[in-house]
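# Notes for the structure review
So the chains spell out like this:
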Amino acid sequence: MNEFRHLEWGVTIAAAQTEGAHDKDGKGPSIWDTFTQKSRKIKDGSDIKEATDFYHRFKEDIDLTIDIGLKIFRFSISWPRILPEGTGKINQKGIEFYNQVIDYCLLVGVEPWITTYHWDLPQKLEDKGGWTNREIIDWYKEYVQVLRDHFADRVKNWILINEGIVCLGGGYFLGVHAPGRRGIRNFVSSTHHLLLAQAIGFKELKKKNELRVGTAISCTKIEPYRNTSADRKAANRIDTLMNRLFIEPHLGLGYPDDDLPILKRISRYYKIGDIEALKTDFDFWGIQTYTREVIKAAWYIPYMGALPIKPKKRKIPVSIMGWETYPQGTQYFLERFSAYDPEKPLWLSECGMALSEKEDDQARIEYYQNVIEGMKLVLKKGVNLKGILLWTLVDNFEWAEGFVPKFGIISLNRKTMQRKMKKSAFWLKKYLSNIKL
C-alpha cells in the first residue's frame, strides 16, 4: 500500500514528564513542580525533580529513537526554563539546552518537532491567575515570540498547545491536575483565554516563513449507555465538551453552546472581536486518542447531567489507568476530523497504551497493530493522514498517576536511570525496517 509506506513515524515526549533538573541552570518553578510537592495529589507520591533525567540524557534518548527507526522527535519546551518569571528576562541556559536538543536531532537525522505548551505553566504566572487571567494571552504571545526567534530557523513543525480539554479540565475544573483549581468559572474563563492565546500564537509563528503550525486535540469516543433520548442527549453533551469545544471555535463555528448550554457562560469573558480572532486555519491537526466513555443521563450531576459508566461495570477490561483501551478510536476520529475539512493534513500525534510494570508488553504490540489497521483503513478512504507519533519513548511521570502507568516502549530504572528497550520497541524496529520506502 503506497500511501501507508509514505507515512512518517515518530515519538512524542513532554518536558514536565521527562526533563527533571527542576531548578537547574536558572529554571523557574512550574505549576507541576508546585503541585507534585503535595504528595497526596500524586498516586505514588512521586515528583518531577528528576523525572527521566532527559535534561542530562537527551542524546541517549534521541539515539534510541534513531535505533528503533523513528524519524520524528516531538518534544515540548518548558516555559519556566525559558522565562523563569513567565515573562521578561530570558534564561540563556534554557535556550542553550533546547539548542543542544535541536542540533543533536539534526546531527543524527531525526526531525525535531516543538510543542510550545504541554501543561507546565510558570508558577509566577499562576500566582497572577494563570489561564483565568486574560493577560495570559499576551504572556503566551511573548513566550512564543521567544521560541520563534531562537528555534524556528531549524524547527519547521510546531504544535502550539497540547490537549486543551485535558489541561484545563483536569487543572481548572476538576482540580486533579496542576494547578488544582476547581469550578465552572475557572474552566470557562481559562478555555476562552487559552483558545485566544493559541490563535495569536499561530499568527506569531507564521510570521516566520515555511513553518508548519498545528494544534493537538484530545479525542475521546463517547457513546450512550442505553438507546434512550436521555442517554443520547447526555452523551452528546459530553462529546461536545471533549471533542468539539477545542476545535470548532478555531473553525469559525463559534462555541458549541447549543449542545452544551453551560458554555454560554463563556460570553461573560468576550471582548469585541474575540469570536473572529479565534478563527485559525492551522496547517495541520494533531489527533490524540486513547479511550472510550459510555455515558448515562444523571440529572444530579452539575452542569453536565451525565455520568460515565465505568468499564468494569460494562465488563470491559481496563488498563492500569482505569481506562478502557480503545485503539478503534484511531479510525473513528481521523474520519470524523477529516469531515470538517478533507484537505486538512492530519497527524496521529499521540496514541499509546498504559501497562503496569508486571503486564506483558505483548499487549502494547497488539494495540499498535490495531492502530495500524485503522490507519490503513482511513488511507483507503482518502483521509489526508501524514503520520503517527507514539506516546511515548521512555516510561515517564504520568501526571497525577505518577510513575505507575507505563506508556513507554523503553523501560526506565528510576534508581540508575538506565533505559532498556521493551519487546514492543524491538517489534517496532523490525516492523519499520520492513516497510518499503
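Above this text sits the structure in question.
Because the structure is a prediction, the values reported are computed rather than measured.

## Section: the overall build of the protein chain
Each helix and strand in the protein chain was counted, giving 15 helices and eleven strands. Its C-alpha atoms give the protein chain a radius of gyration of 21 Å, within 12% of the compact-globule value 22 Å for 437 residues. The principal-axis extents of the C-alpha atoms in the protein chain amount to approximately 55 × 50 × 45 Å. Looking at the protein chain residue by residue over its 437 residues, the buried ones come to 59%. Taking the contacts inside the protein chain whose residues are at least 6 apart along the sequence as the reference set, 77% of them involve residues at least 24 apart. Of the roughly 17,900 Å² of accessible surface on the protein chain, 50% is carried by carbon and sulfur atoms. A gap of 4 Å separates the mean positions of the 66 positive and 55 negative side-chain charges of the protein chain.

## Some remarks on helix α14 (residues 362-380)
When the terminal C-alpha atoms of α14 are compared, their 27 Å separation across 19 residues agrees well with the 27 Å that a helix rising 1.5 Å per residue should span. Taken as a whole, α14 has its buried residues at Arg-364, Ile-365, Tyr-367, Tyr-368, Val-371, Ile-372, Gly-374, Met-375, Val-378 and Leu-379. The first or second residue beyond α14 is Gly-382, which carries a positive phi of 90°.

## Quick word on the packing of helix α11 (residues 229-244) against helix α13 (residues 329-340)
The description of two helices packed together rests on the angle between their axes and the distance between the axes. Look at α11 against α13: their axes get within 13 Å of each other, and the N-to-C directions meet at 80°. What the angle tells us is that α11 and α13 run roughly perpendicular. Only Phe-333, Arg-336, Phe-337 and Tyr-340 of α13 make contact with α11, whose side of the interface consists of Asp-239, Asn-243 and Arg-244. Class assignment for the residues of the contact of α11 with α13 results in three nonpolar, one polar and three charged.

## Let's talk about the pattern of salt bridges
Two side chains carrying opposite charge are able to pair once their charged atoms lie near each other. Applying the stated rule across the entire model yields 32 salt bridges. Asp-281 is the partner of Lys-344 in a salt bridge, and the nearest nitrogen-oxygen pair spans 2.6 Å. Of this pair, Lys-344 sits in the loop between α13 and β8 (346-350) while Asp-281 sits in the loop between α12 (274-278) and β6 (284-297), and the two are 63 residues apart along the sequence. Among the ionic pairs, Asp-360 bridges to Lys-423, the shortest N-O distance being 3.0 Å. In this pair, Asp-360 sits in the loop between β8 and α14 while Lys-423 sits in helix α15 (residues 423-434), placing the two residues 63 residues apart along the sequence. Classification of Asp-360 as partly exposed rests on a relative accessible area of 47%. Looking at Lys-423, the relative accessible area reads 40%, which means it is partly exposed. Several salt bridges share partner residues, and in doing so they unite Lys-221, Glu-223, Arg-292, Arg-314 and Glu-324 into one network.

## What to know about the environment of Arg-419
Along the polypeptide, Arg-419 turns up in strand β11 (residues 419-421). Along the primary structure Arg-419 and Asp-395 are separated by 24 residues, whereas in three dimensions their C-alpha atoms are 9.1 Å apart. For Arg-419, the contacting residues outside a window of four places in its chain are Thr-52, Asp-53, Phe-54, Arg-57, Glu-60, Asp-61, Leu-64, Val-394, Ile-410, Ser-411 and Leu-412. For Arg-419, the side chain forms a polar contact with the side chain of Asp-61, separated by 2.8 Å. One polar contact links the side chain of Arg-419 to the main-chain carbonyl oxygen of Met-417, over a distance of 3.0 Å.

## Structural notes on unusual backbone geometry
Cis geometry marks the peptide bond from Ala-178 to Pro-179; its omega dihedral reads 5°. If you trace the backbone, Pro-179 turns up in the loop between α9 (164-173) and α10 (184-205). Cis geometry marks the peptide bond from Trp-391 to Thr-392; its omega dihedral reads 5°. Tracing the backbone shows Thr-392 in the loop between β9 (385-390) and β10 (410-412). Even without being a glycine, Ala-51 presents a positive backbone phi close to 50°. Looking at the secondary structure, you find Ala-51 in the loop between α3 (31-35) and α4 (54-68).

## Thoughts on the packing of aromatic side chains
Tallied over the entire structure, the rule returns 40 aromatic pairs. On the numbers, 5.1 Å between centres and 75° between planes, the contact of Tyr-367 with Tyr-368 is edge-to-face. Residue Tyr-367 shares its accessibility class with Tyr-368, and that shared class is buried. Through successive ring pairs, a cluster of aromatic residues spans Phe-54, Tyr-55, Phe-58, Phe-73, Phe-75, Phe-97, Tyr-98, Tyr-104 and Phe-151. Note that Lys-221 overlies the ring of Tyr-332, its terminal NZ or CZ placed 4.6 Å from the centroid.

## Let's talk about α9
For α9, a buried count of nine out of ten residues is recorded, marking the element as mostly surrounded by other parts of the structure. Residues of α9 that are buried sit in contact with β3 (111-117), α7 (123-126), β4 (157-162), α10, β5 (212-224) and α11. Directly beyond the C-terminal end of α9, a positive phi value near 75° is found at Gly-175.

## Looking at the pairing of β6
With eleven of its 14 residues buried, β6 lies for the most part within the structure. As paired strands, β6 and β8 are joined by four bridges and run parallel to one another. When the sheet's bridge partners are listed, Gly-286 is paired in β8 with Trp-347. Judged from the three bridges that link them, β6 and strand β7 (residues 306-308) form a sheet pairing that is antiparallel. Bridged to Ala-297 within β7 is Ala-306.

## Details of the pairing of β8
Put simply, side chains in a regular strand alternate between the two faces of the sheet. Counting buried residues in β8 gives five out of five residues, a clear majority hidden from the surface. Taken together, the three bridges between β8 and β9 define a ladder with parallel strand orientation. Bridged to Leu-346 within β9 is Leu-385. In terms of handedness, the path from β8 via α14 over to β9 forms a crossover that is right-handed.

Rules used in this analysis
- Residues numbered from 1 in each chain as written.
- Predicted model: local features only at pLDDT ≥ 70, side-chain atom pairs only at ≥ 80, totals over all residues.
- Heavy atoms only, no water.
- Helix = DSSP H or I, 4+ residues; strand = E, 2+ residues; numbered from the N terminus.
- Rg over C-alpha atoms; globule rule 2.2 N^0.38 Å.
- Buried < 20%, exposed > 50% of the residue type's maximum accessible area, 1.4 Å probe, protein only.
- Contact = heavy atoms within 4.5 Å.
- Areas by Shrake-Rupley, 256 points an atom, 1.4 Å probe, with all protein chains shown as cover.
- Lys, Arg positive; Asp, Glu negative; His and termini not counted.
- Charge placed at Lys NZ, Arg CZ, Asp CG, Glu CD.
- Expected span 1.5 Å × (residues − 1).
- Axes fitted to C-alpha atoms, helices over the stretch in contact; angles between N-to-C directions.
- Parallel < 35°, antiparallel > 145°, perpendicular 65-115°, else oblique.
- Nonpolar A, V, L, I, M, F, W, Y, C, P; charged D, E, K, R; others polar.
- Salt bridge = Lys/Arg side-chain N within 4 Å of Asp/Glu carboxyl O.
- Polar contact = N/O pair within 3.5 Å; in protein donor to acceptor, adjacent residues only side chain to side chain.
- Phe/Tyr/Trp six-rings, centres within 6.5 Å; stacked < 30°, edge-to-face > 60°.
- Lys NZ or Arg CZ within 6 Å of the ring centre and 35° of its normal.
- Pairing = 2+ DSSP bridges.
- Right-handed = clockwise from strand over helix to strand, strands pointing away.

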